[in-house]
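What follows is the residue order along each chain.
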Amino acid sequence: MMIDLPMIWACLIAVGIASYVVMDRFDLGIGILFPFFRVGRQRDTAMNSIAPVWDGNETWIVLGGGGLMAAFPLAYSIIFPALYAPLIAMLLGLVFRGVAFEFRWRDPRQRPVWDIAFCVGSVVAATAQGITLGALLQGIHVEGRAYAGGWWDWLTPFSLLTGASLVVGYSLLGSCWLIWKTEGALHEHARRFAKWLAIGLVAAIALVSAATPFLEGRFYERWFGWPVCSQARKCRCWWP
Amino acid sequence: MGPSGFIAVIAGWVTTEIGRQPFTVYGLLRTAQSAAPLGAPAVATSLLAFVIVYFAVFGAGTWYVLRLMSKPPEPHETADPSGAAPTRAAGITPAAAFDGGRA
């Protein structure tokens, strides 16, 4: 393994995406859980707890996407057309949930409308990100140096499973954030959610892990094959 | 004079985007060479979706701005008498909810 520019950039993009998931996705989770909070104090507190941080934290994904375009333009030009529909859906979802932070305070009579926008936008964005992840795992059809699949290649039972799993995972992040940041009824509420969501997340991890080896022969071998080191590959049998 | 700044921004944007055609990078890379291998229906659908979403969001925003402008300032007013205003938020102006007191 050499430390060269592509390796450094791959690490930077990985750090960007990981930071995005850890530091920002609890606010998506709060959006997903929003309908379960009582109208009034609970919803206002939940929203206020993320309002100062969500916008800054969300910028990490710009580093991930921008870095991919700048450092790995070929990968960018293949992955983005392949995942065009879920990525556009994610952006539109983020528009609605982002603007809900501003608009829901403006007119109390229309607050329910922006609460729905906040929740639906969050669910759409989380599902789209999960589908993106699943579609990357199951592979993208490439011929030459371009995407060669169809417009619906990303939509499979496996990608829907990863989409649903990410919704559960983000909801757990959101409820844990509320356990940390709030007290009283909302805190207790979040504690109950977290318990069930943790069980759900473990089940989702088990399901995705069980499905992954059957996506491709190579995955299956990696999981179930006995490690065989031929003489030539001896020194690198731990690394693909 | 209100919308003139907006018109100027849009006009500048249109000038840069149309003025450089048929190049993406002027004199070096043609737009036809740099276009993604996306089908026209896919691009048309996403464009339509963005137009609808932007009309909805900017329509609501414009309506809120006009409502706020039509409400005269009163002495000793707070951001939101109901106390449900955002405590601190990135990019949120501390403007009043225009029906805050009567909700």
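Our structure's up above, just so we're on the same page.
Keep in mind that what you see is a predicted model, and the values were worked out from it rather than measured.

## Examining the nonpolar core
Part 1: Of all hydrophobic cores here, the largest spans 34 residues; its most connected members are I30, F37, W114 and L178 of chain A.
Part 2: Mapped onto this core, the elements with two or more residues apiece are α1 (5-33), α2 (41-50), α6 (84-103), α7 (111-138), α8 (157-181) and α9 (185-211) of chain A together with α3 (40-70) of chain B.
Part 3: Excluding its chain neighbours within four sequence positions, the residues that come into contact with W114 of chain A are V99, A100, F103 and R104 of chain A together with A60 and Y64 of chain B.
Part 4: Counting ten residues, the second largest nonpolar core, distinct from the first, contains M90, A125, A126 and A128 of chain A.

## Regarding the layout of surface pockets
Part 1: Counted as a void, the largest pocket has a volume near 1,600 Å³.
Part 2: Secondary structure elements with two or more residues in the lining of the largest pocket: α1, α4 (60-71), α5 (73-82), α6, α7, β2 (146-147) and α8 of chain A together with α3 of chain B.
Part 3: For the lining of the largest pocket, the leading source of residues is α5 of chain A, giving eight residues.
Part 4: Considering only residue class, the lining of the largest pocket consists of 35 nonpolar, eight polar and one charged.

## Section: a nonpolar patch on the surface
Part 1: A surface patch of nonpolar side chains, about 360 Å² in accessible area, is lined by I17, V21, V22, M23 and L173 of chain A.
Part 2: No other element matches the four residues that α1 of chain A contributes to the nonpolar patch.

## Notes on the pattern of salt bridges
All names here are of chain A.
Part 1: Inspection of the entire model under this criterion finds eight salt bridges over all chains.
Part 2: Of the charged contacts, one joins D24 and R25 as a salt bridge, the two residues approaching to 1.9 Å between their closest N and O atoms.
Part 3: On the basis of relative accessible area, D24 is assigned to the buried category, the value being 0%.
Part 4: The buried category is assigned to R25, whose relative accessible area is 0%.
Part 5: Of the charged contacts, one joins R104 and D115 as a salt bridge, the two residues approaching to 2.6 Å between their closest N and O atoms. Placement of R104 in the loop between α6 and α7 and of D115 in helix α7 is noted, with a sequence separation of eleven residues between them. Each member of the pair R104 and D115 is classed as buried.
Part 6: Connected through shared salt-bridge partners, D24, R25, D27, E58 and R97 make up one network.

## Describing the side chain of N57 of chain A
Residue and element names in this part refer to chain A.
Part 1: Structurally, N57 can be placed in helix α3 (residues 54-58).
Part 2: The buried category is assigned to N57, whose relative accessible area is 16%.
Part 3: In this structure the side chain of N57 is engaged in a polar contact, spanning 2.6 Å, whose partner is the backbone oxygen of M23.
Part 4: Sequence-distant contacts of N57, that is, excluding residues within four places in its chain, are made with Y20, M23, D24 and F26.

## Some points on the packing of α6 of chain A against α3 of chain B
Part 1: Interaxial distance between α6 of chain A and α3 of chain B falls to 11 Å at its minimum, and their mutual angle equals 0 degrees. When the axes of α6 of chain A and α3 of chain B are compared, the pair comes out roughly parallel. Contacts between α6 of chain A and α3 of chain B involve Y84, I88, L91, L92, V95, F96, V99 and F103 of chain A from the first element and A42, V43, S46, A49, F50, V53, V57, A60, G61 and Y64 of chain B from the second.
Part 2: Classifying every residue of the contact of α6 of chain A with α3 of chain B by side-chain character gives 16 nonpolar, two polar and no charged.

## Quick notes on unusual backbone geometry
Part 1: Cis geometry marks the peptide bond from Q21 of chain B to P22 of chain B; its omega dihedral reads 0 degrees.
Part 2: Counting through the fold element by element, P22 of chain B comes out in the loop between α1 (4-19) and β1 (23-25).

## Some points on the packing of α1 of chain A against α4 of chain A
All names here are of chain A.
Part 1: Direction vectors running N to C along α1 and α4 enclose 160 degrees, while the axes themselves pass 7 Å from each other. Viewed along their axes, α1 and α4 adopt a mutual orientation that is roughly antiparallel. When the axes of α1 and α4 are compared, the crossing they make is left-handed. Only W60, I61, L63, G64, G67, L68 and A71 of α4 make contact with α1, whose side of the interface consists of W9, L12, I13, G16, I17, S19, Y20 and M23.
Part 2: Each residue belonging to the contact of α1 with α4 can be placed in one class, and the counts come to eleven nonpolar, four polar and no charged.

Conventions used here
Note that residues are indexed from 1 along each chain, following the sequence as it is written. Each chain gets a letter, beginning with A, and each ligand a number, beginning with 1, in the order they are written. pLDDT decides what is reported in this predicted model: residues at 70 or higher carry local features, side-chain atom pairs at 80 or more are listed and counted, and totals for whole chains, interfaces and linings draw on all residues regardless. Values reported for side chains reflect all heavy atoms of the structure, with hydrogen atoms and water molecules removed beforehand. For the purposes of this section, nonpolar cores are sets of buried Ala, Val, Leu, Ile, Met, Phe, Trp, Tyr and Cys residues that join through side-chain atoms within 4.5 Å. To sort residues, take the accessible area from a 1.4 Å probe on protein chains only and compare it with the maximum for the residue type: under 20% means buried, over 50% means exposed, and anything in between is partly exposed. What counts as a helix is a DSSP run of H or I of at least four residues, what counts as a strand is a run of E of at least two, and both are numbered from the N terminus. Two residues form a contact once any of their heavy atoms are found within 4.5 Å. Cavities and pockets are defined on a 1 Å grid built over the protein atoms alone: a cavity is a set of grid points where a 1.4 Å probe fits but cannot escape, while a pocket is an open set with protein on both sides within 12 Å along at least five of seven lines, and lining residues are those with an atom within 4 Å of any such point. Grid points are joined across faces, edges and corners, and a volume is the space filled by probe spheres set on the points. Think of it as three bins: nonpolar holds Ala, Val, Leu, Ile, Met, Phe, Trp, Tyr, Cys and Pro, charged holds Asp, Glu, Lys and Arg, and polar takes everything else, Gly as well. By definition, no residue in a patch forms a salt bridge, and every one has over 30% relative accessible area; like charges are joined within 9 Å, nonpolar side chains (Val, Leu, Ile, Met, Phe, Trp, Tyr) within 5 Å. Accessible surface area values rest on a Shrake-Rupley calculation with a 1.4 Å probe, where residue burial reflects the displayed protein chains alone. For this analysis, a salt bridge means a side-chain nitrogen from Lys or Arg found within 4 Å of a carboxyl oxygen belonging to Asp or Glu. Between N or O atoms, a polar contact is any pair within 3.5 Å; within protein, one atom must be a potential hydrogen donor and the other a potential acceptor, and residues adjacent in sequence are included only when both atoms are from side chains. Axis lines are fitted to C-alpha atoms, over the contacting stretch for helices. Their N-to-C directions set the angle, which ranges from 0 to 180 degrees. For classification purposes, an angle smaller than 35 degrees is called roughly parallel, one larger than 145 roughly antiparallel, one from 65 to 115 roughly perpendicular, and anything else oblique. Note: crossing handedness is left-handed where the near helix turns anticlockwise from the far helix by less than a right angle, and right-handed where it turns clockwise.

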